[in-house]
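Here is how the chains run, residue by residue.
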Amino acid sequence: MEQKSPQADPAPAPALRPARGAARCAVAALALAGAAWVARAVWHIRLAAAGQPASGPLDQGDGGHRPPNTLEDSYHVVASVGSAVTAVCVIVFLLWLDRMRDNAKALSGTDPRYGYPWLWVGWVVPVVNLWIPRGVVADVHRSVFPERPLPAVVNWWWGLWLAGLAGGVGIIYSDDTDEVIARAYSGVLPLLAADLVIVAAAGAAALMVHTLTTAQQEHVAGRGY
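Residues numbered from 1 in each chain as written. Predicted model: local features only at pLDDT ≥ 70, side-chain atom pairs only at ≥ 80, totals over all residues. Heavy atoms only, no water.

Quick look at the pattern of salt bridges
For clarity, the cut-off: Any Lys or Arg side-chain nitrogen found within 4 Å of a carboxyl oxygen on Asp or Glu counts as a salt bridge. Strands here mean DSSP runs of E at least two residues long; helices mean DSSP runs of H or I at least four residues long; both are numbered from the N terminus. Using a 1.4 Å probe on the protein chains alone, a residue whose accessible area is under 20% of its type maximum counts as buried, one over 50% counts as exposed, and one in between counts as partly exposed.
Tallied over the full model, the rule gives six salt bridges. Put simply, aspartate 98 and arginine 17 hold a salt bridge, and the shortest N to O gap is 3.3 Å. On the criterion of sequence distance, the pair formed by aspartate 98 in helix H2 (residues 70–108) and arginine 17 in the segment before helix H1 (20–50) is long-range, its members being 81 residues apart. With a relative accessible area of 9%, aspartate 98 lands in the buried category. Using a relative accessible area of 29% as the deciding quantity, one classes arginine 17 as partly exposed. A salt bridge links lysine 105 to aspartate 111, with the nearest nitrogen and oxygen atoms 3.3 Å apart. The class of lysine 105 is partly exposed, set by a relative accessible area of 40%. Accessibility expressed as a relative area gives 59% for aspartate 111, which makes it exposed. By sharing partners, the salt bridges in this structure join Arg17, Asp98 and Asp102 into a single network.

Some thoughts on the nonpolar core
This is how it is decided: The set of buried Ala, Val, Leu, Ile, Met, Phe, Trp, Tyr and Cys residues whose side-chain atoms join them within 4.5 Å is what this entry labels a nonpolar core. Throughout, a residue-residue contact means that at least one pair of heavy atoms, one from each residue, lies within 4.5 Å.
In terms of nonpolar packing, the biggest core is built from 38 residues, with Phe93, Trp96, Leu97, Trp157 and Met208 touching the most fellow members. When contributions to this core are tallied by element, the ones reaching two or more residues are H1, H2, helix H4 (132–142), helix H5 (152–167) and helix H7 (189–223). Beyond its immediate chain neighbours, meaning those up to four positions away, tryptophan 157 contacts Phe93, Trp123, Pro133, Arg134, Val137, Ala201, Ala204, Ala205 and Met208. Ranked by size, the runner-up nonpolar core spans 12 residues in total, among them Tyr75, Ile181, Ala184 and Leu191.

Structural notes on the side chain of glutamine 217
With respect to the secondary-structure elements, glutamine 217 resides in helix H7. Take glutamine 217: its relative accessible area is 17%, and that puts it in the buried class. Not counting chain neighbours up to four residues away, the residues in contact with glutamine 217 comprise Ala19 and Arg20.

Quick notes on the packing of H2 against H4
Keep this limit in mind: To get an axis, fit a line to the C-alpha atoms, keeping to the stretch in contact for a helix; angles then go from 0 to 180 degrees between the N-to-C directions. Just so you know how the angles are binned, under 35 degrees is roughly parallel, over 145 roughly antiparallel, 65 to 115 roughly perpendicular, and the rest oblique. In a left-handed crossing the near helix is turned counterclockwise from the far helix by less than a right angle, and in a right-handed crossing that turn is clockwise. In the scheme used here, Gly and all other residues not listed as nonpolar or charged are polar, with Ala, Val, Leu, Ile, Met, Phe, Trp, Tyr, Cys and Pro taken as nonpolar and Asp, Glu, Lys and Arg as charged.
The interhelical angle for the contact between H2 and H4, taken along N-to-C directions, is 45 degrees, at an axis separation of 9 Å. Compared by their axis directions, H2 and H4 come out oblique. Of the two possible hands of crossing, H2 and H4 adopt the one that is left-handed. Contact residues: H2 offers Leu97, Met100, Arg101 and Ala104, while H4 offers Val136, Val137 and Val140. A per-class count over the contact of H2 with H4 returns six nonpolar, no polar and one charged.

Shown next as structure tokens:
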């Protein structure tokens, strides 16, 4: 009697981490960060409209500082809250990216181009922070959808992020708060331009989070995982 060869067990489905909740948190955090930078822009306008006090700049030179007025004090609060919100936003965004990266590895069966430490330190190491973070995000899409072009929103987000860094008003390589106040008094337009770019970068990042998460989740659903 002919014996049937045993059938191989089907390959187990890859272990995937839930990403929709992390994406919603990231979008909410980006919206809050954008609102915080809108508030900073409003205070920049208020400072410019008020003009520098007759007592001169906060930094009087030779280590001397005059007491801040009420408007300057309130800007310190706005800037501190904005920096805290931005820091939380960065953490929430990276936690989302970590989940998406792990899922992309499970779905594609290939290791990412950049090792795990680069997910975190790639943003702050000089020079390489000009391309590695975008590469980490791009890998999330390309490893699962090698036949598809990279969504344009990824490049829009990255271009705006780099422009925000070049503005130098509070993300990385920033002036201190008193120096920003002095800049608002002497010429507010560059500050407002930088504020606008940062708010636009936050909006583009939120759209990117939604786009990449939706594509990955639809792929997972279509494969029956």
